[in-house]
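Notes for the structure review
Below are the chains, spelled out letter by letter.
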Amino acid sequence: VPGAFVSTDNRLDLVVLVSRVDDAGVWQGRLELRPFHDAVGPVSAAWPLPGSPEACVALAGGRVAVLCRGAQGNGTILHVRDVYTGVVAVEAVVSNAAPAGLQLARDGRALYVLVSGYATDRPSGDAVSWLYQFALPGLRLAGKPLELPGVAAPEAHPLAAGQGGCWASTRAPSSATP
């Protein structure tokens, strides 16, 4: 799982995300902070995560946003922590759907979360993705999520952020090519 570089004042650190499944089949995650100078140093601080980390982005002020898959392998949890104080700013279930992407807008004013699942509110049960936008710095949800047809594959990096917006890529079964 990728990590992120965070910095404050004259300090540069690497956030490393660790994931494993315990003997009971429960996904566990951990966020580690390691100093970075000419090389990566030993773990200087570590905290448990509410599930398996799927994506991470650095925010302003030494904070990181981590997108986690729930401990039982389902759902999406957004975890935001200040890695220099250890304080958790946000830990909230975003959706019961699977995590698919996390991006920070280039201007730093929005955090985008993409999740994928199936429409349970209609008989067809189509594959659907939802794009959430959180306004920064307060991390308030900016309206209802945008519903997109199809599923987003996290390994395809389906979410890219630009200045004041983002692009999301999904694939619907009807769009398959022979």
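Presented here is an overview of the structure given in this document. Going along each chain's sequence as written, the residues are numbered from 1 onward. The predicted origin of the model limits local features to residues at a pLDDT of at least 70 and limits the giving and counting of side-chain atom pairs to 80 or more, whereas totals for whole chains, interfaces and linings rest on all residues. Side-chain metrics rest on all non-hydrogen atoms present in the structure, leaving aside hydrogens and water.

Bringing the pattern of salt bridges into the picture now. Within this document, salt bridges are pairs made up of a side-chain nitrogen of Lys or Arg and a carboxyl oxygen of Asp or Glu, the two lying within 4 Å of each other. Taken as a whole and judged by the stated rule, the model has three salt bridges. Among the salt bridges present, the one from arginine 30 reaches glutamate 32, with a minimum N-O distance of 2.1 Å. Partly exposed describes any residue whose relative accessible area lies between the buried limit of under 20% and the exposed limit of over 50%, with all areas from a 1.4 Å probe on protein chains only and scaled to the type maximum. On the accessibility criterion, arginine 30 (38% relative accessible area) is partly exposed. Using a relative accessible area of 5% as the deciding quantity, one classes glutamate 32 as buried. Two residues, arginine 34 and glutamate 32, come together in a salt bridge whose shortest N-O distance is 3.2 Å. Overlapping salt bridges bring together Arg30, Glu32 and Arg34 as one network.

Time to look at the environment of valine 94. When you line up the elements, valine 94 lands in strand β8 (residues 88–95). Contacts are assigned to residue pairs with any non-hydrogen atoms lying within 4.5 Å of each other. Beyond its immediate sequence surroundings of up to four residues, valine 94 is in contact with Thr76, Ile77, Leu78, Val113, Tyr132 and Phe134. A run of H or I in DSSP counts as a helix once it spans at least four residues, and a run of E counts as a strand once it spans at least two, with each numbered from the N terminus.

In this analysis, rings of Phe, Tyr and Trp, with Trp reduced to its six-membered ring, are considered paired at centre separations within 6.5 Å, and the interplanar angle assigns stacked below 30 degrees, edge-to-face beyond 60, and tilted for intermediate values. By the definition in use, this model includes one aromatic pair. Centroid distance phenylalanine 5 to phenylalanine 36: 5.1 Å. Interplanar angle 70 degrees. Geometry classified as edge-to-face. Within this pair, whereas phenylalanine 5 is found in strand β1 (residues 4–8), its partner phenylalanine 36 is found in the loop between β3 (27–35) and β4 (45–49), the two being separated by 31 residues in sequence. Residue phenylalanine 5 is classed as partly exposed on the basis of its relative accessible area of 45%.

It is worth spelling out the nonpolar core at this point. If you look at the biggest cluster of nonpolar residues, it comprises 20 residues, and the most contacted ones within it are Ala65, Leu78, Leu102, Leu111, Val113 and Phe134. Among the elements of the structure, β5 (51–58), β6 (63–70), β7 (76–82), β10 (110–118) and β11 (127–135) are those that each provide at least two residues to this core. With four residues, β11 is the single largest residue contributor to this core. Excluding anything up to four places from it in sequence, valine 113 contacts Leu67, Val94, Gly101, Leu102, Trp130, Leu131, Tyr132, Phe134 and Leu159. We call a set of buried residues a nonpolar core when its members are Ala, Val, Leu, Ile, Met, Phe, Trp, Tyr or Cys and they connect through side-chain atoms within 4.5 Å of each other.

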